[in-house]
Amino acid sequence: MALEEGVSRIISSLRRDPGALESVYISVIAFAGKAQVISPLVDLVSFYSPRLPIGGGTALGVALEVLMREIDTRLVKQTATVRGDWKPVIFLITDGQPTDNPQPMIQKWLKNYASGATIVAITLGSGADTNILHQLTPHVLLYEGSREEDFKQFIDWISRSISTQSQSVESNRGESIINLAKAGDALVLLDEKKPMVSDPNTVVLTGRCQKTHSPYLIKYTRIGTLKSIERFIQKPQYSLEGCFPVTESYFIWSSDFQEEQIDVHSLIGVPGCPYCGNLIAIALCGKCNKIMCINGEGEAICPWCKSQNDFVFSDSDANFDIGRGQG
Ligand SMILES: [Zn+2]
Ligand SMILES: [Zn+2]
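To keep things clear, this report deals only with the structure shown in the data block.

### What to know about the sheet that holds strand S4 (residues 118-124)
Phase 1 of the analysis: What the 4 strands build is an open sheet, ordered S3-S4-S5-S6; its pairing is mixed. In this open sheet, the two edge strands, each paired with only one partner strand, are strand S3 (89-94) and strand S6 (187-189). Ignoring which end each strand starts from, the neighbouring axes of this sheet average 25° apart.
Phase 2 of the analysis: One ladder, built from 6 bridges, connects S3 with S4; its direction is parallel. Across the sheet, leucine 92 pairs through a bridge with alanine 121, a residue of S4.

### Quick notes on the coordination of the zinc ion (ligand 1)
Phase 1 of the analysis: For the zinc ion (ligand 1), the protein coordination sphere consists of Cys209 (SG), Cys273 (SG), Cys276 (SG) and Cys293 (SG), at 2.3 Å.
Phase 2 of the analysis: Note that the zinc ion (ligand 1) binds 4 donor atoms; their angles at the metal cover 103 to 113°, and the shape is tetrahedral.
Phase 3 of the analysis: Considered as a linear motif, the donors of the zinc ion (ligand 1) on their single chain read C-x63-C-x2-C-x16-C.

### Concerning helix H1 (residues 3-15)
Phase 1 of the analysis: In a regular helix each residue adds 1.5 Å, so 13 residues correspond to 18 Å; H1 covers 18 Å between its end C-alpha atoms and thus fits that length.
Phase 2 of the analysis: Taken as a whole, H1 has its buried residues at Gly6, Val7, Ile10, Ile11, Ser13 and Leu14.

### Digging into the coordination of the zinc ion (ligand 2)
Phase 1 of the analysis: For the zinc ion (ligand 2), the full set of protein donor atoms is Cys285 (SG), Cys288 (SG), Cys302 (SG) and Cys305 (SG), and the range of their distances to it is 2.2 to 2.3 Å.
Phase 2 of the analysis: Viewed at the metal, the 4 donor atoms of the zinc ion (ligand 2) are separated by angles of 105 to 111°, and the geometry they form is tetrahedral.
Phase 3 of the analysis: Of the residues examined, cysteine 285 reaches a relative accessible area of 1% and is grouped as buried.

### Some points on the sheet that holds strand S12 (residues 280-284)
Phase 1 of the analysis: Spatial ordering of the open sheet is given by S11-S9-S8-S7-S13-S12, a layout of 6 strands whose pairing is mixed. A single partner strand is all that each edge strand has here, and the edge strands are strand S11 (267-268) and S12.
Phase 2 of the analysis: Pairing analysis gives 2 bridges linking strand S9 (residues 238-245) to S11, with the strands arranged parallel. Along S11, the bridge assignment pairs tyrosine 238 with leucine 267.

### Overview of the packing of aromatic side chains
Remark: the centre distance and the inter-plane angle together describe each pair of aromatic rings, the angle taken between the planes.
Phase 1 of the analysis: Applying the stated criterion across every chain, the model contains 6 aromatic pairs.
Phase 2 of the analysis: Here tyrosine 143 and phenylalanine 151 contribute two aromatic rings whose centre-to-centre distance is 6.0 Å and whose plane-to-plane angle is 80°, an arrangement assigned as edge-to-face.
Phase 3 of the analysis: Judged by relative accessible area, which is 9%, phenylalanine 151 ranks as buried.
Phase 4 of the analysis: When the centroid spacing of 5.8 Å and the interplanar angle of 65° are considered together, the rings of phenylalanine 151 and phenylalanine 154 count as edge-to-face. One end of the pair is phenylalanine 151 and the other is phenylalanine 154, both in helix H6 (residues 148-171) and 3 residues apart, which spans about a single turn.

### With respect to the pairing of strand S8 (residues 215-222)
Phase 1 of the analysis: Pairing of strand S7 (residues 202-208) with S8, which is carried by 7 bridges, proceeds in the antiparallel orientation. Opposite valine 204, over in S8, you have lysine 219 as the bridge partner.
Phase 2 of the analysis: Here S7 folds back onto S8 in antiparallel fashion, the turn holding 6 residues, of which histidine 213 has a positive phi close to 65°.
Phase 3 of the analysis: Where S8 meets S9, 7 bridges bridge the pair, whose relative direction is antiparallel.

### So, the pattern of salt bridges
Phase 1 of the analysis: Under the definition given, this model contains 4 salt bridges.
Phase 2 of the analysis: Between arginine 9 and aspartate 156 there is a salt bridge, and its shortest N-O distance comes to 2.9 Å. Placement of the pair is arginine 9 in helix H1 and aspartate 156 in helix H6, with a sequence separation of 147 residues.
Phase 3 of the analysis: A relative accessible area of 27% means that arginine 9 is categorised as partly exposed.

### Some points on unusual backbone geometry
Phase 1 of the analysis: Backbone geometry places histidine 213, a non-glycine residue, at a positive phi of 65°.
Phase 2 of the analysis: Judged by its relative accessible area of 34%, histidine 213 is partly exposed.
Phase 3 of the analysis: A positive phi angle, near 65°, is found at lysine 306, a position not held by glycine.

About the criteria used
Residues numbered from 1 in each chain as written. Chains lettered and ligands numbered in written order. Predicted model: local features only at pLDDT ≥ 70, side-chain atom pairs only at ≥ 80, totals over all residues. Heavy atoms only, no water. Pairing = 2+ DSSP bridges. Helix = DSSP H or I, 4+ residues; strand = E, 2+ residues; numbered from the N terminus. Axes fitted to C-alpha atoms, helices over the stretch in contact; angles between N-to-C directions. Donors = N, O, S within 2.8 Å, 3.2 Å for Na, K, Ca; no water. Tetrahedral: all angles 85-135°; square planar, octahedral: opposite > 155°, others 65-115°. Expected span 1.5 Å × (residues − 1). Buried < 20%, exposed > 50% of the residue type's maximum accessible area, 1.4 Å probe, protein only. Phe/Tyr/Trp six-rings, centres within 6.5 Å; stacked < 30°, edge-to-face > 60°. Salt bridge = Lys/Arg side-chain N within 4 Å of Asp/Glu carboxyl O.

None of this, on its own, says anything about what the molecule does.
See below:
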């Protein structure tokens with residue numbers, strides 16, 4: 001069953017729900033290489049199931065732009081005399097990595113629209129960039145069904161979510177949009193703290209300069225291991241690629257920079273600080289466990305948590321782990 005049939009199925013099941021018939025309005029925006037409104041916002045009775053275009057590409061930025069324009073022009077805003085439309089719920093369904101740069105539109109969405117609308121992002125299969133979707137919304141779901149039955153369950157879940165949401169706004173119950181009961185096994189809520197895919201070949205760590213407090217990224221890449229010596233090396237080894245300054249916005253767009261733990265003994269090479277020239281950009285604060293730059297032994301104040309550290313080098317083989325981010 002294709003998405004097109006999915007839309008028809010959603011509409012026909014909502015039409016059987018008297019509450020939804022009265023209150024639900026639906027619009028369809030399709031996006032591939034470009035984005036367009038396929039079906040402008042109308043009530044359920046007037047809605048005609050559209051033909052969805054097929055095309056290459058995933059223009060997420062353009063899709064958001066079209067969505068925001070639709071919200072501006074079609075939605076009735078609440079005023080002193082007019083009861084406005086309810087907060088719209090947007091089901092954003094995608095299967096690919098954005099082929100445009102969606103960041104400017106994501107920022108615009110977060111700044112002006114996110115508080116007045118709910119996006120439920122659903123990725124079909126594991127090809128989509130879930131980090132980007134998590135920037136847009138905390139509600140990111142993975143659909144990984146393969147059978148016709150899974151797809152029907154998934155589509156029925158969308159219908160049910162729309163109709164319970166319409167009842168909940170009418171009765172002010174404020175029910176959560178994400179209720180995965182009866183959604184089937186094929187639909188999974190993705191936790192942004194646990195990224196779905198992590199690149200096993202790179203380690204990216206974030207640190208801050210002790211003196212300027214500015215952030216930087218330390219990148220390591222995995223060293224290929226000869227099959228013949230694999231049994232002597234228990235853990236993968238990573239060699240230093242470099243240490244790069246980043247702006248504070250890195251933290252806004254990276255929800256996952258404190259992720260998997262990595263054993264420092266797997267890391268080969270010590271970077272210097274790209275800001276102040278301190279020799280060791282990979283010192284760990286004893287209090288918050290975050291990374292900072294130091295120039296050697298002695299006292300230093302952590303740029304993250306402001307606590308005092310007294311760094312002493314030791315030969316001990318103490319095993320400590322540091323958080324590992326995504327590249
Ligand atoms: Zn520094
Ligand atoms: Zn600290």
